[in-house]
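# A closer look at the structure
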Amino acid sequence: MKPYKGKWKIYESVQSSVQYLDENGNPVEDTSGVTGSDVPASGDYVYFSELEKLNFTIDDRNWNLDYYDEDTNNGMAIAEFVLENETVENWSELYTIHYYEGGKLYMTPESFISNMDAAIREEVTGQIDFQSYDMTAEEGFYEFYIHDDPIEPNQHEVARLFYAGDDMILVRYTRIGEPMDDATKMKWVTSLKQVTAGQ
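Residues numbered from 1 in each chain as written. Predicted model: local features only at pLDDT ≥ 70, side-chain atom pairs only at ≥ 80, totals over all residues. Heavy atoms only, no water.

Quick look at the pairing of strand 11 (residues 155–164) now. For strand 11, the buried fraction is high: 9 of the 10 residues fall into the buried class. Here strand 10 (residues 139–147) runs beside strand 11; their pairing, made up of 8 bridges, is antiparallel. Its bridge partner lying in strand 11, Phe-144 is registered against Glu-157. With 10 bridges connecting them, strand 11 and strand 12 (residues 167–176) associate as antiparallel partners. Within strand 12, the residue paired with Ala-164 across the bridge is Asp-167. Where strand 11 folds back onto strand 12 in an antiparallel hairpin, the turn is made up of 2 residues, including Gly-165, whose phi is positive at roughly 65°. (Buried < 20%, exposed > 50% of the residue type's maximum accessible area, 1.4 Å probe, protein only. Helix = DSSP H or I, 4+ residues; strand = E, 2+ residues; numbered from the N terminus. Pairing = 2+ DSSP bridges.)

Counting 25 residues, the largest nonpolar core has Leu-51, Trp-63, Tyr-95, Ile-97, Val-171 and Trp-188 as the members making the most contacts within it. The set of elements that each furnish at least two residues to this core consists of helix 1 (48–52), strand 6 (63–71), strand 7 (76–83), strand 8 (93–100), strand 11, strand 12 and helix 3 (182–193). Looking at this core element by element, the count peaks at 4 residues for strand 7. Each residue touching Tyr-95, except ones within four places of it in the same chain, is listed here: Phe-56, Ile-58, Trp-63, Ala-79, Glu-80, Phe-81, Val-171, Arg-172, Tyr-173, Trp-188, Leu-192 and Val-195. Judged by nonpolar contacts, the second largest core, of 18 residues, contains Met-116, Val-124, Tyr-142 and Tyr-163. (Core = buried A, V, L, I, M, F, W, Y, C linked by side-chain atoms within 4.5 Å. Contact = heavy atoms within 4.5 Å.)

Evaluated as defined, the whole model comprises 13 aromatic pairs. Relative to Tyr-95, the ring of Phe-56 has its centre 5.9 Å away and its plane inclined at 10°; by these criteria the two rings are stacked. A residue pair is termed long-range when its members are at least 10 positions apart, and Phe-56 in the loop between strand 5 (54–55) and strand 6 and Tyr-95 in strand 8 qualify at 39 residues. When its relative accessible area of 0% is taken as the criterion, Tyr-95 is described as buried. For the cation-ring pair, Arg-160 lies above Phe-162, with the distance from its terminal atom to the ring centre recorded as 4.0 Å. (Phe/Tyr/Trp six-rings, centres within 6.5 Å; stacked < 30°, edge-to-face > 60°. Lys NZ or Arg CZ within 6 Å of the ring centre and 35° of its normal.)

Right, let's talk about helix 2 (residues 109–123) for a bit. Each α-helix winds once per 3.6 residues, and so residues spaced three or four apart point in a common direction. Between its terminal C-alpha atoms helix 2 stretches 21 Å, which fits the 21 Å expected from 15 residues at 1.5 Å a residue. Of all the positions in helix 2, only Pro-109, Phe-112, Ile-113, Asn-115, Met-116, Asp-117, Ala-119 and Ile-120 are classed as buried. (Expected span 1.5 Å × (residues − 1).)

Before going further, it helps to spend a moment on the side chain of Asp-59. Here Asp-59 lies in the loop between strand 5 and strand 6. A distance of 2.7 Å separates the side chain of Asp-59 from the side chain of Arg-61, its partner in a polar contact. Polar side-chain contacts of Asp-59 include one of 2.6 Å to the side chain of Trp-63. (Polar contact = N/O pair within 3.5 Å; in protein donor to acceptor, adjacent residues only side chain to side chain.)

Written out as structure tokens, the structure reads:
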């Protein structure tokens, strides 16, 4: 999702597979993917280097960058990390980083998180427990728990929004299943607090 004129709009969906055809209708190899092993360690992306500047550690397990995308027209990028042997199509835990170029110039943490709350409630028909906290002029936190939804699995997410200069960064940890206990939740909130923007 992305902020547009003060409201959240869906801007991406994930395709599970693509089969390209040549002019005769025969399958050809796809060399343009950005999922799985095709995600760049660096490369021909405008904002990838901004994400590389971030200082963060997820935890001591093996995490892989399985999805990367950017929208240069709107100044945004997203990177999704999953545990080893999982994918963004089939995951139990997901660590996501969003980058918004110049985000500080058009949205406060409070308004961003308020719009996020509204967007989730608009899209989800199940039960949603959403709360924000520790809101300042420079950062804010939120968490939500979605349950009893006919489409989405039960999931608990904690997230932190902060500024890096004029840019805005959102880091999120999401887990499928029952709500995290307080100790687990605080472990992830502490981890999100430790993410900093490098030079």
